[in-house]
Amino acid sequence: MEKLLIEGGKPLQGDVRISGAKNAVLPILASTLLAEGPMQIANVPHLQDVTTTMELLGRMGVSLTIDEYMNIETDTSTIQEFFAHYDVVKTMRASILVLGPLLARFGHAEVSLPGGCAIGSRPVNMHLRGLESMGANIEVKAGYIHASAKRLKGAHLVMDMVTVTGTENLMMAATLADGTSIIENAAREPEVTDLADCLIAMGANIEGAGTDTITIHGVKELKGCNYSVLADRIETGTFLVAAAITGGHIKLKDTQPKLLESVLQKLDKAGATISSGDNWIEIDMTGRRPKSINLRTAPYPAFPTDMQAQFTALNCIAEGSCAITESVFENRFMHVQEMQRMGANIKVEGNTAIVTGVDHLTAAPVMATDLRASASLILAGLVAEGQTVVDRIYHIDRGYECIEEKLAQLGAKIRRVPH
Ligand code: EPU
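Residues numbered from 1 in each chain as written. Predicted model: local features only at pLDDT ≥ 70, side-chain atom pairs only at ≥ 80, totals over all residues. Heavy atoms only, no water.

## Things to note about the layout of surface pockets
No. 1: Here the second largest pocket is characterised by a volume of approximately 170 Å³.
No. 2: In this structure, the second largest pocket is lined by 16 residues; those nearest its centre are Gly9, Ile245, Thr246, Gly247 and Val383.
No. 3: Within the residue set of the lining of the second largest pocket, elements represented by two or more residues are helix 8 (233–246) and helix 12 (371–383).
No. 4: Split into classes, the residues belonging to the lining of the second largest pocket amount to seven nonpolar, four polar and five charged. (1 Å grid on protein atoms, 1.4 Å probe; cavity = no way out; pocket = protein on both sides within 12 Å on 5 of 7 lines; lining within 4 Å. Points joined across faces, edges and corners; volume = space filled by probe spheres on them. Helix = DSSP H or I, 4+ residues; strand = E, 2+ residues; numbered from the N terminus. Nonpolar A, V, L, I, M, F, W, Y, C, P; charged D, E, K, R; others polar.)

What follows is the structure, given as structure tokens:
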């Protein structure tokens, strides 16, 4: 199994390009199931989750081509089955995103129920309830969701809690429903807006994406379009923390500061100097030790749960103590035990981690448990004394494009080894 070896202590310097957003490209690839004609998607990040989604669509019979620049073309005219197998869904929960599109366009779908995962139980009850409200027949048997509907009907959907993929699944389903659907308490994440923009380019009639009420007027059919995926705000945030934790000075290109204001505010409080333009962000932390910062995760526009582990790493070596509260997922502190093995002073009480900064972390062999936890361990390794070995890095390859190459380009001493 591949590992990453990191020699800590090198302040990062230089420029790096941010890739397209994982959590935007996955629903956009699922949305191609709604299109009558071919679709071209650009700014696709080279990630394992993208490969998995292509496999999922390919197994259904969708024709897919990908060029050397990671532009993907899809054509659903060859589709033969409406089935998402457990083998695929168990490796990527976002596979559930094919449910709404398949049902809306083809009238039936069989999708494996995603199981538990390293960060919480993550049920999909709100996806299913929403589709039922739109007239779908849903049965769960032998671990599979069996869904059917002649044509979905517009419905008024009030979500009990904010769910990103739940909002996306229902919004996609509603584009081809008969009549108008309203999703209240909708997720406002930029990736939901990016998906809505793509659907609009395909001919959907959607208003209010980016707010907590989305209105979708169903149309008869959607056509293919060309669409370029939004920048990845979590990759952006991860590189910003990499600079902050190492006392570095870097510039991120092809990203947008407006996507991560809550993260930039926290970095400012930690003592970083940040400047930005429409499509770049620069962070300077040269010669400074970060200050501790309290934070609480919550749906967008609040502080993202997908940046919690990285900020835990930052707080490990910051001056002072802080409380980090995770309010989105029930079990997202798996990185803490690994950081403790590197000398971090962290106590977890319920859904809050109390972090007291230490002067330095010490390298250790550590194991990644999920995508963002892996990123946080790499960050800890960048500042630890000695050589950190991060195991189970297949998690990182799911969601970060060439992370070690990008970090190495910024001067980090990091390399991938086969065993
Ligand atoms: N929830 C329910 N029932 C549902 C749906 C969600 O109880 O039917 C709960 C979840 O268990 C969780 C909360 O609602 O406690 C929010 O979950 P949400 O549905 O928003 O998460 P998701 O859509 O499964 C997406 C991202 C995650 C990100 C979360 C929160 C994608 C493909 N995944 O997941 O990304 O953490 O939103 O922002 O968009 C990652 O990239 O590392 C990642 C985990």
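Text resumes after the structure shown.
## As for the sheet that holds strand 24 (residues 413–417)
No. 1: The sheet built from four strands is open, its strands ordered 22-23-1-24 with mixed pairing. Among the strands making up the open sheet, the edge pair consists of strand 22 (365–367) and strand 24. Geometrically, the sheet is characterised by an average inter-axis angle of 20° between neighbouring strands, direction not taken into account.
No. 2: As paired strands, strand 1 (residues 3–7) and strand 23 (residues 387–391) are joined by four bridges and run antiparallel to one another. (Pairing = 2+ DSSP bridges. Axes fitted to C-alpha atoms, helices over the stretch in contact; angles between N-to-C directions.)

## Notes on the packing of aromatic side chains
No. 1: Evaluated as defined, the whole model comprises three aromatic pairs.
No. 2: For the ring pair Phe82 and Phe106, a centre distance of 4.7 Å and an interplane angle of 25° mean the geometry is stacked. With Phe82 in the loop between strand 5 (72–75) and strand 6 (83–84) and Phe106 in helix 4 (residues 99–106), this residue pair connects regions lying 24 residues apart in the sequence.
No. 3: Judged by relative accessible area, Phe82 falls into the buried class, the value being 19%. (Phe/Tyr/Trp six-rings, centres within 6.5 Å; stacked < 30°, edge-to-face > 60°. Buried < 20%, exposed > 50% of the residue type's maximum accessible area, 1.4 Å probe, protein only.)

## Quick word on the environment of Thr236
No. 1: Along the chain, the position of Thr236 falls in helix 8.
No. 2: For Thr236, a relative accessible area of 0% translates into the label buried.
No. 3: Each C-alpha atom, one on Thr236 and one on Ala21, is 9.7 Å from the other, the two residues being 215 residues apart in sequence.
No. 4: Among the polar contacts made by the side chain of Thr236, one reaches the side chain of Thr255 at a distance of 2.8 Å. (Polar contact = N/O pair within 3.5 Å; in protein donor to acceptor, adjacent residues only side chain to side chain.)

## What about the pattern of salt bridges?
No. 1: Counting across every chain of the model gives 17 salt bridges.
No. 2: The salt bridge partner of Lys253 is Asp15, with a shortest N-O separation of 4.0 Å. In this pair, Lys253 is assigned in strand 15 (residues 249–253) and Asp15 in strand 2 (residues 13–17), connecting sequence segments 238 residues apart.
No. 3: Taking relative accessible area as the criterion, Lys253 reaches 37% and is therefore assigned partly exposed.
No. 4: Under the relative-accessibility criterion, Asp15 is labelled partly exposed at 37%.
No. 5: Among the charged side chains, a salt-bridge network with shared partners connects Glu2, Asp397, Glu404 and Arg416. (Salt bridge = Lys/Arg side-chain N within 4 Å of Asp/Glu carboxyl O.)

## A word on the pairing of strand 8 (residues 137–141)
No. 1: Of the pairings in the sheet, the one linking strand 8 to strand 9 (residues 144–148) comprises five bridges and is antiparallel in character. By the bridge assignment for strand 9, Asn137 is matched with Ser148.
No. 2: As consecutive antiparallel partners, strand 8 and strand 9 are separated by two residues, and within that stretch Ala142 has a phi angle of approximately 50°, a positive value.

## So, the pairing of strand 17 (residues 280–284)
Looking along a regular strand, one sees the side chains alternate between the two faces of the sheet.
No. 1: Across the two faces of strand 17 the burial differs, with Ile281 and Ile283 buried and Trp280, Glu282 and Asp284 not buried at all.
No. 2: For strand 15 and strand 17, the ladder comprises five bridges, and the chain directions are antiparallel. From the neighbouring strand, Lys251 faces strand 17, where its bridge partner is Glu282.
No. 3: Counted between consecutive antiparallel strands, the loop separating strand 16 (residues 273–277) from strand 17 contains two residues.

## Description of the side chain of Glu189
No. 1: Relative to the assigned elements, Glu189 resides in the loop between strand 11 (180–184) and helix 7 (190–201).
No. 2: Despite its burial, Glu189 pairs with no opposite charge; the closest candidate is Arg233, at 4.7 Å N-O. (Lys, Arg positive; Asp, Glu negative; His and termini not counted.)

## Brief notes about the packing of helix 4 against helix 6 (residues 164–175)
Think of two packed helices as two axes; the pair is described by the angle between the axes and how far apart they sit.
No. 1: At their nearest, the axes of helix 4 and helix 6 sit 7 Å apart, and the two run at 10° to each other. The pairing of helix 4 with helix 6 is recorded here as roughly parallel in orientation. Judged by the sense of rotation from one axis to the other, the crossing of helix 4 with helix 6 is right-handed. Only Asn169, Met172 and Ala173 of helix 6 make contact with helix 4, whose side of the interface consists of Leu99, Gly100, Pro101 and Ala104.
No. 2: The residue inventory of the contact of helix 4 with helix 6, partitioned by class, reads five nonpolar, two polar and no charged. (Parallel < 35°, antiparallel > 145°, perpendicular 65-115°, else oblique. Left-handed = near helix turned anticlockwise from the far one by under 90°. Contact = heavy atoms within 4.5 Å.)

So, to be careful, I would describe these as geometric facts and stop short of saying anything about function.
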